[in-house]
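Here is what each chain is made of, one letter per residue.
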Amino acid sequence: MAQQDGDSDRINIAIDGPAGAGKSTVARMVAGQLGYVYIDTGAMYRAVTLSAQRLSITAEQDDNLAEMLESLQIRLAPGESGQSIFVNDEDVTALIRSRDVTRQVSYFAASGIVRQVLSTMQREFAIRKGVVMDGRDIGTHVLPDAEVKVFLTASVEERALRRYKELSDDNIISLKQLEAEIAERDQLDEQRDISPLIRALDAIELDSSGMTILEVVETIVKLSRTKLAEAK
Ligand code: DC
């Protein structure tokens, strides 16, 4: 049966994978090529982490987290360098990339209440289709019906090197330290009880270690166009 409002002309694309695999760059470029909306769900977990830190709430304090989440308005908007994120109208785009947030975010991402609230928000963003969403549990949990699912990986060394090059001068950390932090974060994300980082059975695995960003983007756009043609 035809869907309303041209929804059948669009699909949803889920891009999951570990930290530093290139998901956000790739997802943003795929969205740009298809005229879709890009949604960075990691930024949402980071925004919750920053907000909790400001209120001295820990990842285990469910009641305090629930109360905080009730009044937390998260808004994503296209920004100058990618996506901007606002919490209760404050632009926190740069603040959520601090090392303090980065080191804590996996603990907040393991909280059931946080995942429940953010997953609901993410599904609402995707209801009209035409989104490219990146994260850890998009293909398995948030959008299990996404028409295109990609699991994007790269070696820990390669991912650490990419992050190292992105760091600003006030984030002083060695490459080895960064590798250790990324490996630790992978482990936390893969071993948590709720929606762990795992490849969906129907996701296509792409190892970006030996590929350029453009090659990865082209592969996903091609897959998406094939799905779109099939849906017609
Ligand atoms: O992609 P990122 O590094 O900005 O993600 C930040 C953290 O949030 C990371 O530790 C994994 C977690 N995350 C998650 O658990 N589920 C998602 N859908 C997105 C991110």
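Below you will find a few notes about this structure. (Residues numbered from 1 in each chain as written. Predicted model: local features only at pLDDT ≥ 70, side-chain atom pairs only at ≥ 80, totals over all residues. Heavy atoms only, no water.)

## As for the packing of helix H2 (residues 41–54) against helix H5 (residues 112–125)
Between two packed helices, both the angle of their axes relative to each other and the distance between the axes serve to describe the pair. At a minimum axis separation of 11 Å, H2 and H5 run at an interaxial angle of 140°. As summarised for this structure, H2 and H5 are arranged oblique, according to the angle between their axes. The interaxial crossing formed by H2 with H5 has right-handed handedness. Residue-level contacts link Thr-41, Met-44, Tyr-45 and Val-48 of H2 to Val-114, Arg-115, Leu-118, Ser-119, Met-121, Gln-122 and Phe-125 of H5. The residue inventory of the contact of H2 with H5, partitioned by class, reads seven nonpolar, three polar and one charged. (Axes fitted to C-alpha atoms, helices over the stretch in contact; angles between N-to-C directions. Helix = DSSP H or I, 4+ residues; strand = E, 2+ residues; numbered from the N terminus. Parallel < 35°, antiparallel > 145°, perpendicular 65-115°, else oblique. Left-handed = near helix turned anticlockwise from the far one by under 90°. Contact = heavy atoms within 4.5 Å. Nonpolar A, V, L, I, M, F, W, Y, C, P; charged D, E, K, R; others polar.)

## Let's talk about the nonpolar core
Core analysis: the biggest nonpolar cluster contains 35 residues, and Ile-74 and Ile-85 have the highest contact counts within it. Elements represented by at least two residues in this core include exactly H2, helix H3 (62–70), strand E3 (74–79), strand E4 (82–87), helix H4 (99–109), H5, strand E6 (131–135) and helix H6 (138–142). Residues contacting Ile-85, with those up to four places away along its chain left out, are Ala-43, Met-44, Ala-47, Ile-74, Arg-75, Leu-76, Glu-90, Asp-91, Val-92, Thr-93 and Ile-96. If you look at the next biggest cluster of nonpolar residues, it comprises 21 residues, including Ala-27, Tyr-38, Val-216 and Leu-228. (Core = buried A, V, L, I, M, F, W, Y, C linked by side-chain atoms within 4.5 Å. Buried < 20%, exposed > 50% of the residue type's maximum accessible area, 1.4 Å probe, protein only.)

## A few points about the site of the ligand
Around the ligand, the structure places 16 residues, and the nearest of them are Arg-46, Ser-106, Arg-115, Asp-137 and Arg-192. Take Arg-115: an N or O atom from its side chain is 2.8 Å from an oxygen atom of the ligand. Asp-137 places a side-chain nitrogen or oxygen 2.8 Å from a nitrogen atom of the ligand. Starting from 450 Å² of accessible surface for the ligand in isolation, the protein chains cover 97%. For the shell around the ligand, the secondary structure elements donating two or more residues are H2, H4 and helix H8 (175–191). Element by element, the count of residues in the shell around the ligand is highest for H2, at four residues. (Near = heavy atom within 4 Å. Polar contact = N/O pair within 3.5 Å; in protein donor to acceptor, adjacent residues only side chain to side chain. Areas by Shrake-Rupley, 256 points an atom, 1.4 Å probe, with all protein chains shown as cover.)

## As for the packing of H2 against H4
Between H2 and H4, the shortest axis-to-axis distance is 9 Å and the interhelical angle comes to 100°. Taken together, the axis directions place H2 and H4 in an arrangement best described as roughly perpendicular. Contacts between H2 and H4 involve Tyr-45, Arg-46, Thr-49, Leu-50, Ala-52 and Gln-53 from the first element and Asp-100, Val-101, Thr-102, Gln-104, Val-105, Phe-108 and Ala-109 from the second. Of the residues that constitute the contact of H2 with H4, the class distribution is seven nonpolar, four polar and two charged.

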